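# Structural overview for review
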Amino acid sequence: MEEDRAIEAAARLCVPAQTTAADPEGRTSLGHGLRVAALRELFEEANVLLAYTAEQRMLAIDEKSLARFMDYRRLFHQQQGSMEAMLSSERLVLASDQLHYFSHWITPEASPRRYDTHFFLAQAPGEQEAMYDRLETSDGIWIGPGEALARYEAGTFDLAFPTIYQLRELAVYPTLGVALAGADRQCVRTQRPVIIEKDGQTQILLPEEPA
């Protein structure tokens, strides 16, 4: 979105992100709009807003301010709200530095709807409550990568193709801190799955995987 890029271009609305080995080309550096887009989507879909207050503390949303932020979120869902207006009104700066670049996926060319999506890791703020939006997300649960994969293998937990691979990468890390540090050290390469037909069934694979 144009507003996402404009917000990143305004130094007063975003904290610059440190360059890491994950993104040596600077694909997610401020100005491309990717970090603000991720933060906006996180707020719209999960009710989590990674932002610093005027006192340079991570935003806490208590019972008094919850209704106010729910109103902002409702306007975003109706495509009427403005992230820049909300940040200015609440005297907030987006914590774009808290996003750790993790992966980049492009939908197969044969897909009817295609996406070019960058994924980030972040630590959830302790004084905010995550709530799914019932629009793009239908439910919410706190679950570890290993358990999510185990439920998927048991057929009780639906996962999208890119999510499966990302959870497998996350499952090797024992703690969040180790995962964030690991993400910063590993160069993100673009994943381009392909769709094939085999034995009358459609399969999605990464190019390097055996058919």
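The protein carries the name Nudix hydrolase domain-containing protein in an unreviewed UniProt entry, which gives Dictyobacter halimunensis as its organism.

### So, the packing of aromatic side chains
Each pair of aromatic rings is reported with the distance of its centres and the angle of its planes. In total, this model carries 6 aromatic pairs according to the counting rule given. For the pair Phe161 and Tyr165, a centre-to-centre distance of 4.8 Å together with 50 degrees between the ring planes defines the contact as tilted. Here Tyr165 and Phe161 lie together in helix H6 (residues 161–171), a separation of 4 residues that amounts to about one turn. One exposure class covers both Phe161 and Tyr165, and it is buried. An aromatic cluster is defined as three or more aromatic residues linked by ring pairs; in this entry it consists of Trp105, Phe161 and Tyr165. In this arrangement the basic side chain of Arg168 is found over the ring face of Tyr165, its NZ or CZ atom lying 5.2 Å from the centre.

### Some thoughts on unusual backbone geometry
One can expect most non-glycine residues to show negative phi and most peptide bonds to be in trans. The residue Asn47 is not glycine, and still its phi comes out positive at about 65 degrees. The residue Asn47 is located in the loop between helix H2 (34–46) and strand S1 (51–52) in this model. Its relative accessible area of 3% is what places Asn47 among the buried residues. Of note in the backbone geometry, Gln56 takes a positive phi value of approximately 65 degrees without being a glycine. Among the structural elements, Gln56 can be located in the loop between S1 and helix H3 (63–77).

### Focus on helix H7 (residues 176–185)
Among the residues of H7, Ala179, Leu180, Gly182 and Ala183 are the ones counted as buried. For H7, the buried positions fall inside an angular range of 165 degrees around the axis, keeping them on one side.

Parameters and conventions
Residues numbered from 1 in each chain as written. Predicted model: local features only at pLDDT ≥ 70, side-chain atom pairs only at ≥ 80, totals over all residues. Heavy atoms only, no water. Phe/Tyr/Trp six-rings, centres within 6.5 Å; stacked < 30°, edge-to-face > 60°. Helix = DSSP H or I, 4+ residues; strand = E, 2+ residues; numbered from the N terminus. Buried < 20%, exposed > 50% of the residue type's maximum accessible area, 1.4 Å probe, protein only. Lys NZ or Arg CZ within 6 Å of the ring centre and 35° of its normal. Arc of directions from axis to C-beta.

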